[in-house]
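Descriptive analysis of the structure
Each chain, written out:
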Amino acid sequence: MADEGYDMPKGDLMAGRKGVVMGVANKDSIAWGIACQLAAQGAEMAFTYQGEALERRVRPLAESIGVKTLIEADVTSDPAMDKAFAEVEAAFGKIDFLVHAIAYADKSQISGSFVENTTREGFMLAMNISAYSFVDVSRRAARIMNEGGSIICLTYLGSERTIPNYNMMGVAKAALEASTRYIARDLGPHKIRVNAVSAGPRRTLSLAGIQDGRKMIARGRSWSPLREDTSMEGIAGCALWLLSDLGRSTTGEVIHVDAGFHIVGLPVGLDEEG
Ligand code: NAP
């Protein structure tokens, strides 16, 4: 295990399972934590990445957990996605799981006033990369997925409640979660499950794009029932449950892994300063 890896619980829950993990950019990526957990449970994986520079960063991580297949995949390009999934099929034949941990919005769309700052182009771009891509990759994955397969995406509470600055990304996450339910309905008869993990904030490249992202983390720590940050182990554990047979009766769900932050209405006691 490289220094950047997580020492996740070992076992054989994913032994003999093959799949695709999309969205490892560096050692802080949520997809990386999930991949470490899946590898520790015996999964065989391909990583997708975007662009040559990223390949240089992702390859050493991938190799440290035995991932040999790296595939370039820009989710905004149909020809690129055709090629990427042809490569997945060539590498594995059939697959058993897919992790979608991809999102993007222009910086201008994730700060200040939502109603003033949201543009047509910004809206379409965030929806394309952060929501439509999940529909697209689910369709492609399902075509080569075994019965009993499982697909997950990553979402955030900003889809359900207003969170300062999350703005356009919240709208895209709402579309992502609704898409999760519709995809789950369509793929259920094929015995493929589809779920979303709603993670609490963590310091990643994506969060760095959101104005005051670090303050979101600090508030989560002080206002969540568990009074702690969302752990990578918790997110990866939930992903393992959903992607393995442990989650065999769960589909179309949005599962919160956020130290309980989402259940809080009034975050401070009535005698405390807000
Ligand atoms: P991250 O490490 O920056 O991962 C985001 C990934 O999306 C990167 O690998 C990025 O690649 C990829 N991506 C963006 N545009 C793409 C495109 N056109 N084609 C292919 N890939 C593209 O950040 P993260 O926080 O782990 O994000 C993973 C997922 O978790 C996202 O869906 C995010 O919204 C969600 N999430 C994050 C948090 C949090 O607090 N961090 C909380 C809840 C949910 P490039 O680097 O090349 O752009």
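In case you missed it, the structure is sitting above this.
What this report covers is the structure whose coordinates are included nearby. Everything numeric in this text was worked out from a predicted model, so none of it was measured.

Observations concerning helix H3 (residues 78–92)
- Taking 1.5 Å per residue as the helical rise, H3 with its 15 residues ought to reach 21 Å, and the 21 Å between its terminal C-alpha atoms agrees with that figure.
- Listed as buried for H3 are Met81, Ala84, Phe85, Val88 and Phe92. The arc that holds the buried residues of H3, viewed along the axis, is 90°, so those residues lie on one side. Exposed residues on H3 whose side chains face more than 90 degrees from its buried face are Pro79, Lys83 and Ala90.

Quick notes on the packing of helix H5 (residues 120–143) against helix H6 (residues 167–187)
- Put simply, H5 and H6 touch, their axes get as near as 9 Å, and they point 20° apart. It follows from the interaxial angle that H5 and H6 lie roughly parallel. Viewed along their axes, H5 and H6 form a crossing whose handedness is right-handed. Contacts between H5 and H6 involve Gly122, Phe123, Ala126, Met127, Ser130, Ala131, Phe134, Val135, Ser138 and Ala142 from the first element and Met168, Met169, Val171, Ala172, Ala175, Leu176, Ser179, Thr180, Ile183 and Leu187 from the second.

A few points about the packing of aromatic side chains
- What the rule picks out here adds up to 2 aromatic pairs.
- Taken together, a centroid distance of 6.4 Å and an interplanar angle of 90° make the contact between tryptophan 32 and phenylalanine 47 edge-to-face. In this pair, tryptophan 32 is assigned in helix H1 (residues 30–40) and phenylalanine 47 in strand E2 (residues 44–49), connecting sequence segments 15 residues apart. Take tryptophan 32 and phenylalanine 47: they sit in the same class, and that class is buried.
- With centroids separated by 4.8 Å and ring planes inclined at 65°, the aromatic side chains of tyrosine 156 and tyrosine 166 adopt a geometry described as edge-to-face. With a gap of 10 residues between them, tyrosine 156 in the loop between strand E5 (145–155) and H6 and tyrosine 166 in the loop between E5 and H6 connect regions that are remote in the sequence. The two residues tyrosine 156 and tyrosine 166 agree in class, both being buried.

Considering the sheet that holds strand E6 (residues 193–199)
- Across the sheet, which stays open at both edges, the 7 strands sit in the order E3-E2-E1-E4-E5-E6-E7 with parallel pairing between neighbours. Taken across any chain shown, the strands that pair with only one partner, and hence form the sheet edges, are strand E3 (69–72) and strand E7 (254–257). Sheet twist, expressed as the average angle between the axes of neighbouring strands with direction ignored, equals 20°.
- Here 4 bridges tie E2 to E3, and the two strands are oriented parallel to one another. Bridging across to E3, threonine 48 finds its partner in isoleucine 71.
- Lying over the sheet, H1 contacts strand E1 (18–22), E2, strand E4 (95–100), E5 and E6, oriented at roughly 165° with respect to E2.

Examining the nonpolar core
- The biggest cluster of nonpolar side chains holds 42 residues, and the ones touching the most others in it are Val21, Trp32, Ile34, Leu38, Met45 and Phe47.
- Looking at this core, the elements that each hand over two or more residues are H1, E2, helix H2 (52–64), E4, E5, E6, helix H9 (232–243) and E7.
- Beyond its immediate stretch of four places on either side in the chain, isoleucine 34 contacts Val99, Ile152, Leu154, Ile235, Ala236 and Ala239.
- In terms of nonpolar packing, the next biggest core, distinct from the first, is built from 32 residues, Ile144, Ile183, Leu187 and Ile192 among them.

Observations concerning the state of the cysteines
- Here the structure, examined in full by the defined rule, presents 0 disulfides.
- Considering cysteine sulfurs only, cysteine 238 is the nearest to cysteine 153, which forms no disulfide, with 11 Å between them.
- Accessibility expressed as a relative area gives 0% for cysteine 153, which makes it buried.

Topic: the pairing of E2
- The buried count for E2 comes to 5 of 6 residues, which makes it a mostly enclosed element.
- Of the pairings in the sheet, the one linking E1 to E2 comprises 5 bridges and is parallel in character. Its bridge partner lying in E2, glycine 19 is registered against methionine 45.
- Between the parallel elements E1 and E2, the chain passes through H1 in a crossover that is right-handed.
- Following the backbone out of E2, through H2 and into the adjacent parallel E3, one traces a crossover that is right-handed.

Conventions and cut-offs
Residues numbered from 1 in each chain as written. Predicted model: local features only at pLDDT ≥ 70, side-chain atom pairs only at ≥ 80, totals over all residues. Heavy atoms only, no water. Helix = DSSP H or I, 4+ residues; strand = E, 2+ residues; numbered from the N terminus. Expected span 1.5 Å × (residues − 1). Buried < 20%, exposed > 50% of the residue type's maximum accessible area, 1.4 Å probe, protein only. Arc of directions from axis to C-beta. Axes fitted to C-alpha atoms, helices over the stretch in contact; angles between N-to-C directions. Parallel < 35°, antiparallel > 145°, perpendicular 65-115°, else oblique. Left-handed = near helix turned anticlockwise from the far one by under 90°. Contact = heavy atoms within 4.5 Å. Phe/Tyr/Trp six-rings, centres within 6.5 Å; stacked < 30°, edge-to-face > 60°. Pairing = 2+ DSSP bridges. Core = buried A, V, L, I, M, F, W, Y, C linked by side-chain atoms within 4.5 Å. Disulfide = S-S within 2.5 Å. Right-handed = clockwise from strand over helix to strand, strands pointing away.

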